[in-house]
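Observations on the three-dimensional arrangement
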Amino acid sequence: MSEGTPAGTITRLDPQVNNENRVSVFIDDEFAFGVHEDLVVRHGLTVGTALTAEDVREIEADEQYVQAKQAALDYLAHKPRTETEVRRKLKRNDTPAFVIDDVVARLYELEYLDDEAYAHDYAHNRFSSKKYGPVRIRRELKERGIDRHLADAAVDTLFEDEDATAAAWEHAESRWPRLADEDDPRRRRQKMYRYLRRRGFTSETIRPILDELEREGGRSPV
């Protein structure tokens, strides 16, 4: 149908059996499309309404937005998400890019999305629950789509108050005795080093701890 050509006249509006919030629209006695009940009101859809092809495209675009917004809200209902995670979710649903942009903008307006707050909360929770170091927390934030500057700010703020060295010592004192069967001191040190690196600590934090472990037999000097 070309733009402006009458698509036809609405002859029936039937509530859908499996979803009471949606309505089936029939044009000239044939099913045309399904639409959310809110859009029926917004577009003034009634039996006898004549729709052009342009009208139908506008209604379908609004329907894509409503469905995408609901999918995003359902996704956010389980736990906080980043903007990137929401975009990935909607993209997997084959949502058009322009609809995703509109949904994300609305979610920010509603304060359902806030990457800066997410970054600070995530960093705090990962340190509190796992005692991970700054490198790992920063990497995990970036993997979740947090902007590098926001990730850096969240981690820097966290470790202004938290002691990365003390956290690294907790991991080291727990792990070091488990490596006691390693006969080669160098390999034992390498394994401990890799273990602490995986937990997100820098070489500058790790090396003095390893030196102390070897001197003191695994007890923190603190």
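Remember, predicted model here, so these are calculated numbers, not experimental data.

Turning to its location among the elements, Arg199 is positioned in the loop between helix H9 (185-198) and helix H10 (203-216). A distance of 3.2 Å separates a polar atom in the side chain of Arg199 from a polar atom in the side chain of Tyr195. Discounting chain neighbours no more than four positions away, the residues touching Arg199 are Tyr132, Gly133, Arg136 and His171.

On to the layout of surface pockets, then. If you add up the space inside the largest pocket, you get close to 300 Å³. Together, 16 residues line the largest pocket, and Lys79, Pro80, Arg81, Tyr118 and Tyr122 are the ones closest to its centre. Per element, the largest residue contribution to the lining of the largest pocket is six residues, and it comes from helix H5 (residues 115-130). Taken together, the residues that form the lining of the largest pocket break down as seven nonpolar, one polar and eight charged. Of all the secondary-structure elements, those providing two or more residues to the lining of the second largest pocket are helix H1 (37-42) and helix H2 (53-78). Considering each element in turn, the lining of the second largest pocket owes the most residues, seven residues, to H2. Here the residues of the lining of the second largest pocket sort into three nonpolar, three polar and five charged.

Right, let's get into the nonpolar core. Counting 29 residues, the largest nonpolar core has Ile137, Leu141, Phe159, Met192 and Leu213 as its most contacted members. Among the elements of the structure, H5, helix H6 (134-143), helix H7 (148-161), helix H8 (164-175), H9 and H10 are those that each provide at least two residues to this core. One finds Ile10, Val56, Ile59 and Val66 within the second-largest nonpolar core, a separate group that totals 14 residues.

Relative to each other, H2 and helix H4 (residues 97-109) sit at 50°, their axes nearing to 9 Å. Considering their axes alone, H2 and H4 lie oblique with respect to each other. Between H2 and H4 lies a crossing of right-handed hand. Side by side, H2 and H4 meet where Gln64, Tyr65, Ala68, Lys69, Ala72, Leu73 and Leu76 of the first sit next to Phe98, Val99, Asp102, Val103, Arg106 and Leu107 of the second. Partitioned by chemical class, the residues of the contact of H2 with H4 number nine nonpolar, one polar and three charged.

One way to put it is that H5 packs onto H7 with a least axis distance of 9 Å and a crossing angle of 45°. Between H5 and H7, the crossing angle belongs to the class labelled oblique. Handedness of the crossing formed by H5 with H7: right-handed. Mapping the contact onto sequence places Asp115, Glu116, Ala119, His120, Ala123, His124 and Phe127 in H5 and Leu150, Ala153, Ala154, Thr157, Leu158 and Phe159 in H7. Looking at the contact of H5 with H7, its residues break down into eight nonpolar, three polar and two charged.

Here the focus is the side chain of His171. Topologically, His171 is positioned in helix H8. Judged by relative accessible area, which is 12%, His171 ranks as buried. Looking at His171, its side chain comes within polar contact range of the main-chain oxygen of Lys131, at 2.9 Å.

Reading guide: rules and limits
Residues numbered from 1 in each chain as written. Predicted model: local features only at pLDDT ≥ 70, side-chain atom pairs only at ≥ 80, totals over all residues. Heavy atoms only, no water. Helix = DSSP H or I, 4+ residues; strand = E, 2+ residues; numbered from the N terminus. Polar contact = N/O pair within 3.5 Å; in protein donor to acceptor, adjacent residues only side chain to side chain. Contact = heavy atoms within 4.5 Å. 1 Å grid on protein atoms, 1.4 Å probe; cavity = no way out; pocket = protein on both sides within 12 Å on 5 of 7 lines; lining within 4 Å. Points joined across faces, edges and corners; volume = space filled by probe spheres on them. Nonpolar A, V, L, I, M, F, W, Y, C, P; charged D, E, K, R; others polar. Core = buried A, V, L, I, M, F, W, Y, C linked by side-chain atoms within 4.5 Å. Buried < 20%, exposed > 50% of the residue type's maximum accessible area, 1.4 Å probe, protein only. Axes fitted to C-alpha atoms, helices over the stretch in contact; angles between N-to-C directions. Parallel < 35°, antiparallel > 145°, perpendicular 65-115°, else oblique. Left-handed = near helix turned anticlockwise from the far one by under 90°.

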